[in-house]
There are 2 protein chains.
Amino acid sequence: MKSTIHDVAKLAGVSNMTVSRVLNDSTHVRPLTRQRVLKAIADLHYLPNPAARTLSSSQSRTIGLVITDLANPFFVGIVRGVEAFVRQRGYGVILSHTEEDLSRERESLHTLRAAKVDGVIWVPCGDESTDHASILIEENIPTVVMDRLMPGAPYFDAVISDNRAAAKALTLHLLKAAGTPVRGVFGNPITSVVQERLLGFRDALNESNIPWNADFAIYRNPVMPESPILADLQSGNCPIKGVLAWNNVAAAAVFREAIAANIRVPDNLVIATFGNPDPYQVTPGYFLLAEQDPFQMGFSGAQQLFTRIEHESDDDGSRKTFIIPVYIGFREHALQ
Amino acid sequence: MKSTIHDVAKLAGVSNMTVSRVLNDSTHVRPLTRQRVLKAIADLHYLPNPAARTLSSSQSRTIGLVITDLANPFFVGIVRGVEAFVRQRGYGVILSHTEEDLSRERESLHTLRAAKVDGVIWVPCGDESTDHASILIEENIPTVVMDRLMPGAPYFDAVISDNRAAAKALTLHLLKAAGTPVRGVFGNPITSVVQERLLGFRDALNESNIPWNADFAIYRNPVMPESPILADLQSGNCPIKGVLAWNNVAAAAVFREAIAANIRVPDNLVIATFGNPDPYQVTPGYFLLAEQDPFQMGFSGAQQLFTRIEHESDDDGSRKTFIIPVYIGFREHALQ
DNA sequence: GTGAAAGCGCTAACAG
DNA sequence: CTGTTAGCGCTTTCAC
């Protein structure tokens with residue numbers, strides 16, 4: 001029932017080490033011996049004890065995935081992408097949920113380090129997450145930073161979207177589709193995503209010869225806005241024609257407000273935002289969308305992580321940043 | 001940098017065992033000694049090695065969470081609820097994603113057993129999952145079955161919705177709101193959820209003196225329907241007034257089709273379904289909704305699991321099934 | 001209340 | 001190609 005490597009060895013008539021070699025795919029085993037061992041393994045329904053393996057090898061065949069917000073389907077998409085890649089390599093995923101909280105992030109990273117994860121995929125909380133980089137660096141744990149960049153931390157590979165360029169292109173589309181005035185809703189600018197999208201928004205207005213005005217953008221820190229966004233955006237008596245919402249959640253809030261105010265979307269108000277098609281298209285919406293594919297981002301990130309893990313010895317210190325392209329178009333279905 | 005229990009012991013001037021006792025909250029340590037040990041732990045930034053702990057104690061301070069579909073926000077809600085409870089107990093969660101695949105489920109369960117998880121929360125793939133129960137039972141791993149029941153497996157605690165009663169009540173509401181005819185869309189009846197909701201649907205028609213007809217319900221196995229549901233439901237020339245969709249994904253599909261066909265929802269077609277308010281209300285929809293709260297289900301399930309884990313010794317073999325109430329009402333926002 | 005000794009099940013490092 | 005010897009860092013068991 002609960003057999004050990006020793007039981008297998010005895011049954012196969014070899015030593016523990018030979019069994020271990022078979023388990024770890026070492027080629028230094030005679031085919032016939034390997035057969036005998038494999039048969040013993042099958043007969044006993046033997047499964048290696050991961051704790052023992054980790055203790056003696058300091059490797060866990062496990063990676064850590066640090067995510068900020070599981071309630072946001074965008075990040076769940078990343079989780080699915082990572083999981084899909086990692087499982088095909090026979091690795092496990094330890095999921096950590098920080099809820100955008102820096103102290104939880106610190107704790108998560110320490111826990112993962114203690115668990116001897118072989119690598120980490122990390123969506124940092126924001127700029128201050130840089131302080132936590134050392135937790136990973138000290139142990140030389142291969143790491144891929146995801147979606148958000150931290151300032152002054154070029155120690156890690158990264159997978160991000162080209163937020164500035166995409167926000168600019170999206171805003172130009174918005175201007176074309178909606179006319180003026182357009183406004184922007186942004187989150188707390190503690191993440192590179194918000195910062196870059198804001199820059200792109202300004203780039204577009206600039207290129208369109210619309211002089212910048214601080215009123216053009218508002219910032220809403222909490223995920224759920226506490227006061228009406230559309231009203232706060234409105235200044236002067238010319239009704240807003242278009243809104244750039246920095247992410248899916250903000251866009252949803254604007255959409256709800258518009259519906260509540262009997263403003264037809266997109267006829268009388270165009271909402272442009274970033275997101276991805278909901279795989280199940282749970283509910284329809286009408287958005288001008290810069291499509292991100294979080295599943296792909298997660299998958300690519302995991303892929304890059306594994307090339308690091310598998311070639312850890314020949315690490316020359318260089319790091320790559322992968323910029324995932326963004327497709328812009330009208331979408332008649334749900335965003336996510 | 002990487003200190004062990006021995007380093008702590010040396011620094012505190014005690015033996016390994018005393019440190020271990022402090023770590024495990026044993027009361028058999030003199031307060032003063034405890035102080036010294038705690039200081040040494042802090043000074044060294046000592047973190048216990050989980051692999052060593054697991055190896056020597058056969059306990060991992062970790063639970064397994066087996067989920068069928070991460071792309072469905074309903075199950076993500078469960079994950080969030082479980083995670084929230086478990087982390088406050090200082091435990092970790094190993095997430096397994098089966099994608100409704102029985103062989104992946106088998107594999108997941110074996111992996112969790114090998115990892116010495118202290119408990120499992122399990123959304124089974126369906127009726128045939130009963131075959132996998134032994135994997136957990138053999139090792140006496142406390143387990144809570146979630147959302148779906150397996151036939152002939154009363155070995156586990158369970159957290160489910162009262163699907164039959166809720167489906168009946170929901171259908172009665174639907175009949176009142178929409179009039180006749182109403183139809184039902186169901187999934188593959190390999191899960192208790194589908195079976196029970198179908199029974200509830202029939203109960204309601206029965207009680208309303210509408211003689212049952214096999215055409216009243218159709219079954220769509222894949223998550224995304226391959227052919228138009230509404231067209232397949234339509235029989236005769238009286239247009240359908242209401243649809244009971246067995247879950248959120250099916251409801252979304254029906255909703256999309258209605259919009260595409262210029263059928264106004266809910267004015268000309270009422271869609272009744274099960275779901276829960278999207279925490280971020282990403283996009284609005286108009287449904288007659290039997291509200292489930294997956295976060296609460298996950299949270300409650302974890303709670304029950306921990307009472308088992310903590311009182312494993314005095315297990316009298318009895319098992320509890322928790323039936324989570326369902327609230328029925330019109331919802332003007334997104335379902336999930 | 002504290003310590004010494006003996007593993008938990010595996011792999012690293014060396015022999016042969 | 002295969003085996004032997006030592007641990008990995010903790011907890012268990014039993015002393016005192």
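Structure's up top.
About the criteria used
- Residues numbered from 1 in each chain as written.
- Chains lettered and ligands numbered in written order.
- Predicted model: local features only at pLDDT ≥ 70, side-chain atom pairs only at ≥ 80, totals over all residues.
- Heavy atoms only, no water.
- Helix = DSSP H or I, 4+ residues; strand = E, 2+ residues; numbered from the N terminus.
- Contact = heavy atoms within 4.5 Å.
- Buried < 20%, exposed > 50% of the residue type's maximum accessible area, 1.4 Å probe, protein only.
- Arc of directions from axis to C-beta.
- Near = heavy atom within 4 Å.
- Polar contact = N/O pair within 3.5 Å; in protein donor to acceptor, adjacent residues only side chain to side chain.
- Nonpolar A, V, L, I, M, F, W, Y, C, P; charged D, E, K, R; others polar.
- Axes fitted to C-alpha atoms, helices over the stretch in contact; angles between N-to-C directions.
- Parallel < 35°, antiparallel > 145°, perpendicular 65-115°, else oblique.
- Left-handed = near helix turned anticlockwise from the far one by under 90°.
- Core = buried A, V, L, I, M, F, W, Y, C linked by side-chain atoms within 4.5 Å.
- Pairing = 2+ DSSP bridges.
- Salt bridge = Lys/Arg side-chain N within 4 Å of Asp/Glu carboxyl O.

Q: Just to check I follow, could you spell out the side chain of Q304 of chain B for this structure?
A: Position of Q304 of chain B among the secondary structure elements: in helix α12 (residues 294-310). Every residue in contact with Q304 of chain B, bar those within four places of it in the chain, is listed here: V144, D157 and F322 of chain B.

Q: Any chance you could explain helix α2 (residues 16-23) of chain B here in plain terms?
A: Along an α-helix, residues three or four positions apart point the same way, because every turn accommodates 3.6 residues. Residues and elements named next belong to chain B. Taken as a whole, α2 has its buried residues at T18, V19 and V22. Summarising the axial view, the buried residues of α2 lie within an arc of 100 degrees, below the 170-degree limit, and thus occupy one face. Where α2 is buried, its residues meet α1 (5-12) and α3 (31-44). Positive phi appears at D25, one or two residues downstream of α2, with a value of about 65 degrees.

Q: Just checking my understanding: could you explain the protein's contact with DNA strand D for this structure?
A: Taken together, 23 residues are adjacent to DNA strand D, and R21 and T33 of chain A together with I5, Y46 and S56 of chain B come closest. The sugar-phosphate portion of DNA strand D accounts for 63% of its atoms within 4 Å of the protein, the bases making up the rest. N24 of chain B is positioned with one of its side-chain polar atoms (N or O) 3.2 Å from a phosphate oxygen of DNA strand D. For DNA strand D, a sugar or linking oxygen lies 2.4 Å from a polar atom in the side chain of S56 of chain B. Here the surface near DNA strand D takes four residues from helix α4 (residues 50-57) of chain B, the largest share from any one element. Looking at the surface near DNA strand D residue by residue, the class counts come to nine nonpolar, eleven polar and three charged.

Q: Before we go on, may I ask you to explain the packing of helix α8 (residues 163-178) of chain B against helix α9 (residues 192-207) of chain B in this structure?
A: Two packed helices can be described by the angle between their axes and the distance between those axes. All names here are of chain B. Axis separation between α8 and α9 bottoms out at 7 Å; the angle between their running directions is 45 degrees. Relative to α9, the element α8 is oriented oblique. Both α8 and α9 take part in a crossing whose hand is right-handed. For the pair α8 and α9, contact is made by N163, R164, A167, K168, T171, L172 and L175 and by V193, E196, R197, L199, G200, F201, D203, A204, L205 and E207, respectively.

Q: In this structure, what is going on with the nonpolar core? I would like to understand it.
A: One recurring pattern in soluble globular proteins is that nonpolar side chains are buried together. In this structure, I63, V82 and I121 of chain A together with I63 and I121 of chain B are the most contacted members of the largest nonpolar core, which totals 50 residues. Ignoring sequence-local partners within four residues, the contact set of I121 of chain B consists of I63, G64, L65, V66, V82, V144, M146, G301, A302 and L305 of chain B.

Q: What am I meant to see in the environment of I121 of chain B here?
A: Residues and elements named next belong to chain B. Residue placement: I121 occurs in strand β3 (residues 119-122). Using a relative accessible area of 0% as the deciding quantity, one classes I121 as buried. On a C-alpha basis, the gap between I121 and V82 in space is 8.5 Å, while along the polypeptide they are 39 residues apart.

Q: I would appreciate a short explanation of the protein's contact with DNA strand C in the present structure.
A: Around DNA strand C, the surrounding shell holds 23 residues, and the nearest of these are I5, Y46 and S56 of chain A together with T18 and T33 of chain B. When atoms of DNA strand C within 4 Å of the protein are sorted by moiety, sugar and phosphate together comprise 66%. Between DNA strand C and the protein, one listed contact pairs a phosphate oxygen with a backbone N or O atom of R30 of chain B at 2.6 Å. Among the elements of the structure, α2 (16-23) and α4 (50-57) of chain A together with α2 and α4 of chain B are those that each provide at least two residues to the surface near DNA strand C. A total of four residues in the surface near DNA strand C trace back to one element, the largest contributor, which is α4 of chain A. A class-by-class count of the residues in the surface near DNA strand C yields nine nonpolar, eleven polar and three charged.

Q: Just to check I follow, could you spell out the pairing of strand β2 (residues 92-97) of chain A for this structure?
A: For a regular strand, side chains alternate in direction, first toward one face of the sheet and then toward the other. Where strand β1 (residues 62-67) of chain A meets β2 of chain A, six bridges bridge the pair, whose relative direction is parallel. Its bridge partner being in β2 of chain A, G64 of chain A is matched across the sheet by I94 of chain A.

Q: Is there a simple way to think about the pattern of salt bridges in this case?
A: A side chain with one charge can pair with a side chain of the opposite charge if their charged atoms come near. Residues and elements named next belong to chain B. Scanning the model with the defined rule gives 30 salt bridges over all chains in all. The salt bridge involving K39 is made with D43; its shortest N-O contact spans 2.6 Å. Remark: D43 and K39 occur in helix α3; sequence separation between them is four residues, near one turn of the helix. On the accessibility criterion, K39 (51% relative accessible area) is exposed. Judged by its relative accessible area of 45%, D43 is partly exposed. Residue R113 is joined to E138 by a salt bridge in which the shortest nitrogen-to-oxygen separation is 2.8 Å. Of this pair, R113 sits in helix α6 (residues 102-114) while E138 sits in the loop between α7 (133-137) and β4 (143-146), placing them 25 residues apart in sequence.

Don't take any of this as a statement about function, it's just geometry.
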